[in-house]
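Per-entry structural report
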Amino acid sequence: MRSRLLPASTLAAAVATALLVSGCGSGDDWSRPHAKPTAVGTPGPGFFPAASPAPEATITPRPGSWNGVRPSEGYRVVLLTAGDDPQTKTLVSAVTDWAEEERVSLKTLTATEPDQFIPRISTAMDLAPDLIISAGNDLIDPLALVSANHLDQQFLVVGAELAEPTANVTAADWAGASFRGEGLGMSSTYDPATFTPERAGRAVRAGAAAVLNGLTGIVIWLD
């Protein structure tokens, strides 16, 4: 009788994948296609700029103008994270809190070594989420390399930004959180103390509201 046991290498790969991807939210297993997500609610006055912003432009929405917007239930999001510094941990907590509050179907991919950054981004895209959210400065340069070649995948960077984002990369940033890649170095205005839970939460909500309303490829600047 043929053994039904998995080969050791296959079993190890399955275990590694299970450890790599963690999820929370609506219980959606992502195994089947789902309806295209929509924005529930509309942004308040002052969210949209008076004129359509140019690619790579920076806009400053009125504070709180995004509060009335949430994704339709089952919105599929992959959180990409790298780094164990307090700033990154604050951003990760903000994303997971938002996902729980808004019943977002969330999977988290963590990269712990530089040679994992691009493979983790590729894994995230293979999951075909509605949105990939990036938290951690170490991911900025890898995202700049990958995102421009996958224009059908939406990305949201919180607490940092790409130097030259394509139309599928939106950032939510603020004074004190202005890292744009190793080639440009750390801005002289970078201030870890500005990474508060409240500000990180606003960045996630404002950025998600922008993506849901088709306002992408720009920087959402928070006060």
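What counts and what doesn't
Residues numbered from 1 in each chain as written. Predicted model: local features only at pLDDT ≥ 70, side-chain atom pairs only at ≥ 80, totals over all residues. Heavy atoms only, no water. Buried < 20%, exposed > 50% of the residue type's maximum accessible area, 1.4 Å probe, protein only. Helix = DSSP H or I, 4+ residues; strand = E, 2+ residues; numbered from the N terminus. Pairing = 2+ DSSP bridges. Polar contact = N/O pair within 3.5 Å; in protein donor to acceptor, adjacent residues only side chain to side chain. Contact = heavy atoms within 4.5 Å. Phe/Tyr/Trp six-rings, centres within 6.5 Å; stacked < 30°, edge-to-face > 60°. 1 Å grid on protein atoms, 1.4 Å probe; cavity = no way out; pocket = protein on both sides within 12 Å on 5 of 7 lines; lining within 4 Å. Points joined across faces, edges and corners; volume = space filled by probe spheres on them. Nonpolar A, V, L, I, M, F, W, Y, C, P; charged D, E, K, R; others polar. Salt bridge = Lys/Arg side-chain N within 4 Å of Asp/Glu carboxyl O. Arc of directions from axis to C-beta. Right-handed = clockwise from strand over helix to strand, strands pointing away.

Quick notes on the pairing of strand β9 (residues 169-174)
- By the criterion of burial, β9 is predominantly enclosed, with six of the six residues buried.
- Burial of the side chains of β9 extends over both faces: V169, A171 and D173 are buried on one face and T170, A172 and W174 on the other.
- Bridge count between strand β8 (residues 155-158) and β9: four bridges; the pairing is parallel. Note on β9: the bridge partner recorded for L156 is T170.
- Direction of pairing for β9 relative to strand β10 (residues 219-222): parallel, over a ladder of four bridges. When the bridges of β10 are listed, D173 appears paired with W221.

Digging into the side chain of Q153
- The residue Q153 is located in the loop between α4 (140-146) and β8 in this model.
- Note on Q153: relative accessible area 7%, which makes it buried.
- A distance of 3.5 Å separates a polar side-chain atom of Q153 from the backbone oxygen of P129.
- Once residues lying within four places of it in the same chain are set aside, the contact partners of Q153 are M125, P129, D130, L131, I132 and N168.

Some points on the packing of aromatic side chains
- Scanning all chains against the criterion turns up three aromatic pairs.
- Measuring from ring centre to ring centre gives 5.3 Å for F47 and F48, while their planes differ by 85°; the resulting arrangement is edge-to-face.
- Where Y190 meets F195, the ring centres are 5.9 Å apart and the plane angle is 55°; that geometry is what we call tilted.
- The buried category is assigned to Y190, whose relative accessible area is 18%.

A word on the layout of surface pockets
- Empty space within the largest pocket amounts to approximately 300 Å³.
- For the largest pocket, the lining is made up of 15 residues, of which K36, P37, Y75, D130 and Q154 are closest to its centre.
- Of the residues contributing to the lining of the largest pocket, the split by class is eight nonpolar, four polar and three charged.

Let's talk about the pattern of salt bridges
- One pass over the structure, following the stated rule, counts four salt bridges.
- With a closest N to O distance of 3.1 Å, E73 and R103 form a salt bridge. With E73 in the loop between β4 (70-71) and β5 (76-82) and R103 in the loop between α2 (86-101) and β6 (105-111), this pair connects stretches of sequence that are 30 residues apart.
- Taking relative accessible area as the criterion, E73 reaches 54% and is therefore assigned exposed.
- Across the salt bridge formed by E101 and R205, the nearest N and O atoms sit 2.4 Å from each other. With a gap of 104 residues between them, E101 in helix α2 and R205 in helix α5 (residues 197-212) connect regions that are remote in the sequence.
- Here the residues in one salt-bridge network are E101, E102 and R205, joined through shared partners.

Brief notes about helix α3 (residues 117-126)
- Among the residues of α3, those classed as buried are F117, R120, I121, A124 and M125. End-on, the buried residues of α3 take up no more than an arc of 140°, which puts them together on one face.
- Following α3 by one or two positions, A128 has its phi on the positive side, about 55°.

Looking at the pairing of strand β7 (residues 131-135)
- Of all five residues making up β7, five are buried, and the element is well covered by its neighbours.
- Here β7 shows no split at all, with L131, I133 and A135 on one side and I132 and S134 on the other all buried.
- One ladder, built from five bridges, connects β5 with β7; its direction is parallel. When the sheet's bridge partners are listed, V78 is paired in β7 with I132.
- Strand direction decides the pairing type here: β7 and β8, joined by four bridges, are parallel. The residue bridging A135 from the neighbouring strand is V158, located in β8.
- Note that the unit made of β7, α4 and β8 has a crossover that is right-handed.

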